[in-house]
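Listed here are the chains, written in short residue letters.
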Amino acid sequence: MSTQSLYPVSPELAGSTKLNDEQYRKMYQESIVNPEGFWREHGQRISWFKDFTKVRKTSFDDHNLFIKWFYDGTLNASYNCLDRHLEKRGDQTAIIWEGDDASEQRTLTYTELHTEVCRFANALKSQGVRRGDVVTIYMPMVPEAAVAMLACARIGAIHSVIFGGFSPDSIASRVNDGQSKVIITADEGVRGGRVIPLKANIDTALESPDVTTIEKVIVLKRTGNEAVKHVEGRDIWWHDLMALSSEHCEAREMDAEDPLFILYTSGSTGKPKGVLHTTGGYMVYASMTHEYVFDYRDVEVYWCTADVGWITGHSYMVYGPLANGATILMHEGVPNYPGPSRLAEMIDRHKVNILYTAPTLIRALMAQGKEHFDQLDGSTLRIMGSVGEPINPEAWRWYYEVVGKSRCPIVDTWWQTETGGCLITPLPGATDLKPGSATRPFFGVQPALVDNLGNLIEGPGEGNLVLLDSWPGQMRSVYGDHERFVLTYFKTFRGMYFTGDGAKRDEDGYYWITGRVDDVINVSGHRLGTAEIESALVAHPDVAEAAVVGYPHDIKGQGIYAYVTLNQGVEQTEELRQQLRQWVRNEIGALASPDLVQWAPGLPKTRSGKIMRRFLRKIAADEVGALGDSSTLADPSVLDSLIDTRLNRA
Ligand code: ATP
Ligand code: MG
């Protein structure tokens, strides 16, 4: 495979996309020099009931913090995703759904989706849900998950979606956090061939004496398992409610700054934060980034593999694409089940034009070999995206060559639950690509690097990634804990939003995310980001995945401890271990060479697929007693086996 490090906009692509480099620069410049005018114009991309006259009022001063966008306008998010499309695209497919088992297929047109949402909105009203109430959604990846979200938005209720993989304890704490009265769930979900006992998890969560607010549980019949418990008076079937509900429901006029949803961060660095997003700014930002970042064209088929339980599922499966009238592909299961060729099959079966996925999936597919893509036609595919973690250059090239057939630009989008939409990202046809770099800021976004004292770093350099000014999709608060909001994001560096990530900026002004600031390793006074060392390891032909952390070292301050997952069929030998240490030495330098290399059959990941280095740090330090909040850990057995085989024992 090539080790090319610059992928200029190809001649075929240049001029065929929405923007070229010159247009990007011009628009970006305008968005910074004249934000009022810029956002006044682009705020019109969504439909307002009452147009806004005030564009923004924002300040990052921790003593006088406010973030308001389009704040005298009124609108409805569900109206923007549905009603406004009906005249032009009522018969266009809004959702193509494929079951975990590919023999199950469904489609819904915009008209059908609108009808379902109106019905369910009335159903919610019949259960006493009012404007401003929090509704918990704990659903499998079925169209009804989107219906439930949009129905809440339609009547002004605030949804709080909990990923279907979370345990009863996590459900209980989130329900309490939001004081929610109603839960929407399904009898069971199906994912990767396994049945997920959604309703049983809800039942267990509600048995906890701490949960006192829930009055109703609405249950969708997905698998129809008769054994699923039904609590009289509390539980109601989705289909029974729908049968009684009218299909007419006006979308409620909401203020731009009325809450749209609460959503929890992935919990990679600690206890998840309940992020609050509001309506107007979020809708403008989600739809605008969806259009420009993916160069979305009318009636294209767009596939985002994220679950609705994550921000990516909110902004780039539901709100952004539907506001833009796209046809979305929704998949119930995981894209490498029942085998690694599922992704390729689905791209061809549904003629996917735009694919958005995560590095964790790409690395998993890579480990299983590119032959699973031999049958991929892939001729419809045009743009591919990545999100969630830094994408290792080797994984980037594999994605580019094997999935995109060296034809499709990759947009490596850096953003957070907190940011509502992409902040640093290439734009197809406008940005020359460098594998591993999220490249340049989106319109209106002002990233900067600061040292630990908060001094701005000019030109090429490395530091803490901050944002100097607000953008419309920014979170407004931590739900129920505004103090935590101010403390987490605005106290570290005065007058700036602190992302928690570290980054480098190169001579072209491109940003490279180096990893979480908390994960930076300090070897003999030199600061090393985790991303670079991990990428060097992943570039070795035998390595599938790697996670690197620091551990206390008598001489160097910190030593480097690497957890390495090998490709399928590769043997774990002492020789390979030495080879890997030498390999990193050659790729980066002696300083970055791991002191210890532990073989890891699996790495601890969040349920959204991110490596959780905070646990790995504890194992490397031989502190395996109190590991901290593990509620967001996908598979606890991975951790147990790493603890058992740890290398640095006292
Ligand atoms: P928590 O905040 O609870 O610790 P989290 O930060 O993993 O969890 P998310 O909001 O899901 O929760 O993830 C945002 C983070 O993911 C970013 O701060 C960044 O560290 C990482 N990230 C997302 N996209 C990219 C990307 N394209 N390149 C590098 N890192 C990325
Ligand atoms: Mg975070």
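This is a predicted model, so every value here is computed, not measured. (Residues numbered from 1 in each chain as written. Chains lettered and ligands numbered in written order. Predicted model: local features only at pLDDT ≥ 70, side-chain atom pairs only at ≥ 80, totals over all residues. Heavy atoms only, no water.)

Caption draft 1: Quick look at the packing of helix α18 (residues 613-620) against helix α19 (residues 636-644). Where α18 contacts α19, the two axes come as close as 10 Å, and the packing angle between them is 20°. The orientation of α18 relative to α19 falls into the category roughly parallel. Where α18 crosses over α19, the two elements pack in a sense that is right-handed. Across the interface between the two elements, F615, L616 and I619 of α18 pack against L639, L642 and I643 of α19. Here the residues of the contact of α18 with α19 are counted per class, giving six nonpolar, no polar and no charged. (Axes fitted to C-alpha atoms, helices over the stretch in contact; angles between N-to-C directions. Helix = DSSP H or I, 4+ residues; strand = E, 2+ residues; numbered from the N terminus. Parallel < 35°, antiparallel > 145°, perpendicular 65-115°, else oblique. Left-handed = near helix turned anticlockwise from the far one by under 90°. Contact = heavy atoms within 4.5 Å. Nonpolar A, V, L, I, M, F, W, Y, C, P; charged D, E, K, R; others polar.)

Caption draft 2: Region of the structure containing the packing of helix α5 (residues 110-126) against helix α6 (residues 143-155). Running from N to C, α5 and α6 point in directions that differ by 65°, and their axes come no closer than 8 Å. Here α5 and α6 pass one another in a crossing that is right-handed. The residues of α6 that touch α5, namely those facing L113, H114, E116, V117, C118, F120, A121, L124 and K125, are V147, A148, L150, A151, C152, R154 and I155.

Caption draft 3: Up close: the pairing of strand β14 (residues 259-264). Of all six residues in β14, five are buried, a share of seventy percent or more. Both strand β7 (residues 158-161) and β14 contribute to a ladder of two bridges, which runs parallel. Residue S160 lies in a different strand from β14, and its bridge partner there is I262. In the sheet, β14 pairs with strand β15 (residues 274-278) via five bridges, with the strands oriented antiparallel. Each residue of the ladder has a partner; that of Y264, found in β15, is G274. (Buried < 20%, exposed > 50% of the residue type's maximum accessible area, 1.4 Å probe, protein only. Pairing = 2+ DSSP bridges.)

Caption draft 4: Highlighting the sheet that holds strand β26 (residues 511-516). Strand order in this open sheet of five strands is β22-β21-β23-β25-β26, and the pairing throughout is antiparallel. Every other strand in the sheet has two partners, leaving β22 (456-457) and β26 as the edge strands with one partner each. Taken together, the five bridges between strand β25 (residues 497-505) and β26 define a ladder with antiparallel strand orientation. Note that in β26 the partner of A503 across the bridge is I513. Here helix α16 (residues 530-538) sits on the sheet in contact with β25 and β26, set at roughly 95° to β26.

Caption draft 5: Summary view of the site of ligand 1. Near ligand 1 lie 21 residues; those nearest to it are T265, G267, S268, T269 and T417. The side chain of T417 places a nitrogen or oxygen atom 2.5 Å from an oxygen atom of ligand 1. In isolation ligand 1 exposes 640 Å². Once the protein is present, 95% of that is buried. Grouping the constituent residues of the shell around ligand 1 by class yields five nonpolar, nine polar and seven charged. (Near = heavy atom within 4 Å. Polar contact = N/O pair within 3.5 Å; in protein donor to acceptor, adjacent residues only side chain to side chain. Areas by Shrake-Rupley, 256 points an atom, 1.4 Å probe, with all protein chains shown as cover.)

Caption draft 6: Looking closely at the layout of surface pockets. What the second largest pocket holds in volume is close to 850 Å³. Elements supplying a minimum of two residues to the lining of the second largest pocket: α13 (359-368), α14 (393-403), β26, α16, β29 (543-553) and α17 (574-587). Per element, the largest residue contribution to the lining of the second largest pocket is five residues, and it comes from α16. Split into classes, the residues belonging to the lining of the second largest pocket amount to 19 nonpolar, eight polar and seven charged. (1 Å grid on protein atoms, 1.4 Å probe; cavity = no way out; pocket = protein on both sides within 12 Å on 5 of 7 lines; lining within 4 Å. Points joined across faces, edges and corners; volume = space filled by probe spheres on them.)

Caption draft 7: Summary view of unusual backbone geometry. Of note, the bond from Y337 into P338 is cis; its omega dihedral lies within 30 degrees of zero at 0°. Non-glycine residue D295 carries a positive phi angle of around 45°. The topology assignment puts D295 in the loop between α10 (280-293) and β16 (301-304). Owing to a relative accessible area of 1%, D295 belongs among the buried residues under this scheme. At K351, a position not held by glycine, the phi torsion is positive, near 50°. Within the secondary structure, K351 is located in the loop between α12 (342-349) and β18 (354-357).

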